[in-house]
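Listed below, chain by chain, are the residues.
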Amino acid sequence: MIELLTETATQEPQRIRGLEMPWNRVMGSTEGPASAARALGPWHPQEFMAECVEIVPEVGGMMTFVFRRSDGAPLAFRAGQYVNVAFPVNGEDRDPVDRSYSLSSSPTKPWTFDITVKRDPTGLVSPWVHENIKPGTVLEMLGPVGAFHLPDADRRARYLLLAAGAGITPIMSMVRTIHSLPGQADVVVLYHGAEAGGFAFHKELAYIASVDSRVTVFYSLGDRSIPEGWEGLSGRLTAAMLNEVAPDANGRQVYACGPEGYLNTATELLKKVGVDDTSIYIEFFSGDRQTILEYQAELALAVDIAEEIAEEIAQSAEDYYESQPTAFGLYEPGYDAEGTLKATGLPLETADPDAPCPEAPDGSPEVGPEAGSPDASSFDTVGTGSLTLSFMRTGINVRIDPAEHILGAAQRAGVRIGANCKEGMCGSCKVVKLSGQVEMNHQGGIRAREIDAGKFLPCCSTARTDLVIDA
């Protein structure tokens with residue numbers, strides 16, 4: 001029996017040229033394709049409820065959560081995109097906390113979809129997710145979104161996929177997708193991890209590489225100690241390593257995902273080995289102009305199709321962004337002729353829970369931006385410009401030019417506003433506008449209902465009038 005199972009020499013499969021996503025021809029058809037087929041095309045982001053149906057433990061402190069849409073529809077997406085999930089971390093009666101996670105499953109299996117979350121013990125959301133999401137849990141989601149994805153059709157289909165840590169999640173979606181499709185392709189995966197036993201999906205990657213001659217997978221342990229018997233690469237990403245795994249990197253489309261430092265290094269090294277900027281795709285919120293334009297096109301299409309489609313694309317993309325809190329690189333102090341501009345802030349006061357609510361002259365409870373607020377006229381004023389931003393929590397007035405983005409002026413003055421992307425995509429700088437008008441050109445980082453509630457993104461907003469801001 002063993003002899004019958006002995007592997008014999010086999011010829012390579014004969015394949016059609018290039019790769020084409022299964023929905024590509026449906027989307028380009030003018031003959032009115034069946035609605036069932038059209039439903040599988042990733043047309044636009046939308047809000048939906050999804051039920052967890054399975055939990056799969058992964059190595060490296062990661063967990064895969066398998067979901068299906070509650071309405072029974074497929075989730076049509078492109079390999080590499082992500083969904084925004086509202087997690088009731090603080091209880092069902094409080095506002096949920098939004099996080100975005102890449103889809104790690106293949107869109108060729110659209111009836112269920114996976115998100116893989118790495119637990120960060122210091123994080124707010126990921127520990128809650130690992131401890132509370134179970135089969136049967138229903139969550140509100142928005143997606144799919146993101147310009148970091150494989151093309152719908154590629155006649156050459158030659159890719160170099162770079163991943164570090166939790167950055168493997170969108171890369172895994174790409175590998176699974178390519179493996180599931182017919183067509184010629186040449187895929188090299190370089191996966192950096194912290195420890196030999198911490199490479200998520202390593203068994204599946206090994207299987208795919210063993211049965212699909214189009215896919216080659218390399219592992220590297222970075223600069224950690226190398227255990228006995230390790231057969232992979234070692235050391236951080238270098239130009240020599242890129243040349244070793246993909247000598248023809250300058251002829252490939254490169255997709256990279258991982259922590260910010262890794263991505264910055266990858267971008268510089270790829271240029272050194274001859275890869276053109278137009279062939280590099282990075283899972284950065286602050287992506288290149290083409291990425292930003294793709295986000296804008298997605299949102300414009302969504303608005304045209306249905307007004308009720310939400311606009312939030314926020315992300316701390318994968319959970320590794322959670323380990324890089326928005327307070328990191330939070331602000332830079334501004335300077336004037338006398339030195340550093342400093343915000344003194346307001347004194348802390350103990351609130352009396354039994355104290356009566358202030359009343360308006362008509363006897364009704366006083367609400368609104370001025371209820372119990374300090375007088376902004378007593379704040380120090382810094383900067384120059386024709387408009388004034390009054391930051392009530394910080395206790396400072398900032399003069400600003402109408403053409404200047406609010407976030408930059410605020411941070412230079414010492415106002416603590418967290419920010420990641422600074423492009424209106426991630427939503428991390430969201431603050432409340434107590435009064436005044438702004439002009440906001442966001443890329444999906446804020447929901448319509450949040451705008452109605454007075455929130456805005458200072459990174460992509462300019463002041464049209466004087467503003468009073470709760471920051």
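Criteria and thresholds
Residues numbered from 1 in each chain as written. Predicted model: local features only at pLDDT ≥ 70, side-chain atom pairs only at ≥ 80, totals over all residues. Heavy atoms only, no water. Helix = DSSP H or I, 4+ residues; strand = E, 2+ residues; numbered from the N terminus. Buried < 20%, exposed > 50% of the residue type's maximum accessible area, 1.4 Å probe, protein only. Contact = heavy atoms within 4.5 Å. Areas by Shrake-Rupley, 256 points an atom, 1.4 Å probe, with all protein chains shown as cover. Pairing = 2+ DSSP bridges. Salt bridge = Lys/Arg side-chain N within 4 Å of Asp/Glu carboxyl O. pLDDT = per-residue confidence, 0-100. Phe/Tyr/Trp six-rings, centres within 6.5 Å; stacked < 30°, edge-to-face > 60°. Expected span 1.5 Å × (residues − 1). Right-handed = clockwise from strand over helix to strand, strands pointing away. Polar contact = N/O pair within 3.5 Å; in protein donor to acceptor, adjacent residues only side chain to side chain.

## Overview of the overall build of the protein chain
A tally of regular secondary structure across the protein chain gives 10 helices and 23 strands. Here the protein chain holds 471 residues, and the buried ones make up 48% of them. Considering only contacts in the protein chain between residues 6 or more positions apart, those separated by 24 or more positions represent 69%. Of the roughly 23300 Å² of accessible surface on the protein chain, a fraction of 50% belongs to carbon and sulfur atoms.

## Here's the deal with the sheet that holds strand β17 (residues 387–391)
Spatial strand order, β16-β18-β17-β23-β19-β21: six strands in an open sheet with mixed pairing. At either margin of the open sheet sits one strand with a lone partner, and together these are β16 (380–382) and β21 (455–456). In the sheet, β16 pairs with strand β18 (residues 396–400) via three bridges, with the strands oriented parallel. From the neighbouring strand, Thr381 faces β18, where its bridge partner is Asn397.

## Notes on the pattern of salt bridges
The full count for this structure, using the stated rule, is 14 salt bridges. Here Arg119 ties to Glu131 by a salt bridge, and the two come within 2.6 Å at their closest N and O atoms. Here Arg119 is found in the loop between β6 (113–118) and α3 (126–132), whereas its partner Glu131 is found in helix α3, with 12 residues between them in sequence. Asp277 is the salt-bridge partner of Lys271, the closest N and O atoms lying 3.9 Å from each other. Since its relative accessible area comes to 39%, Lys271 is described here as partly exposed. A relative accessible area of 45% means that Asp277 is categorised as partly exposed. Where salt bridges share partners, they join Arg158, Asp186, Asp248 and Arg252 into one cluster.

## Looking at the confidence of the model for the protein chain
For the protein chain, mean pLDDT is 79; residues scoring 70 or higher make up 74% of the total. Across residues 285–296 the pLDDT falls below 50, and counting only partners more than four positions away or on other chains, this stretch makes 25 contacts in the model. Long-range and interchain partners of residues 298–371, a stretch whose pLDDT sits below 50, account for 158 contacts in this model, where long-range means more than four residues apart.

## What about the packing of aromatic side chains?
One pair of aromatic rings is described through two measures. These are the centre distance and the angle between the planes. With the rule as written, the count across this model stands at 11 aromatic pairs. Measuring from centroid to centroid gives 6.1 Å for Phe48 and Phe113, while their planes differ by 85°, and the two rings are edge-to-face. Linking Phe48 in strand β2 (residues 46–57) with Phe113 in strand β6, this pair joins segments that are 65 residues apart in sequence. A relative accessible area of 5% means that Phe48 is categorised as buried. These aromatic residues form a ring-pair network of at least three members: Phe148, Tyr159, Tyr255 and Tyr281.

## Some words on helix α7 (residues 260–272)
Given a rise of 1.5 Å per residue, 13 residues ought to cover 18 Å, and the 19 Å separating the end C-alpha atoms of α7 matches this to within 8%. Restricting attention to buried positions, one finds in α7 the residues Tyr262, Leu263, Ala266, Thr267, Leu269 and Leu270. Each element contacted by the buried residues of α7 is listed here: β9 (158–164), β10 (186–192), α6 (239–245), β12 (253–257) and β13 (280–282). Count one or two residues on from α7 and you reach Gly274, which has phi positive near 95°.

## Considerations on the pairing of β10
Most of β10 is tucked away: six of the seven residues are buried. Each parallel crossover has a hand, and the one from β9 via helix α4 (residues 168–180) to β10 is right-handed. As defined by bridge partners, β10 adjoins strand β11 (residues 215–220) across six bridges and the pair is classed as parallel. Pairing of Val189 across the sheet is with Val217, part of β11. Of the crossover connections in this fold, the one passing from β10 over helix α5 (residues 202–211) to the parallel β11 is right-handed.

## Here's the deal with the side chain of Thr177
Mapped onto the elements, Thr177 comes out in helix α4. When its relative accessible area of 0% is taken as the criterion, Thr177 is described as buried. For Thr177, the side chain forms a polar contact with the main-chain oxygen of Ser173, separated by 2.7 Å. Not counting residues within four places of it along the chain, the set of residues in contact with Thr177 comprises Met21, Ala79, Ser106, Pro107 and Thr108.

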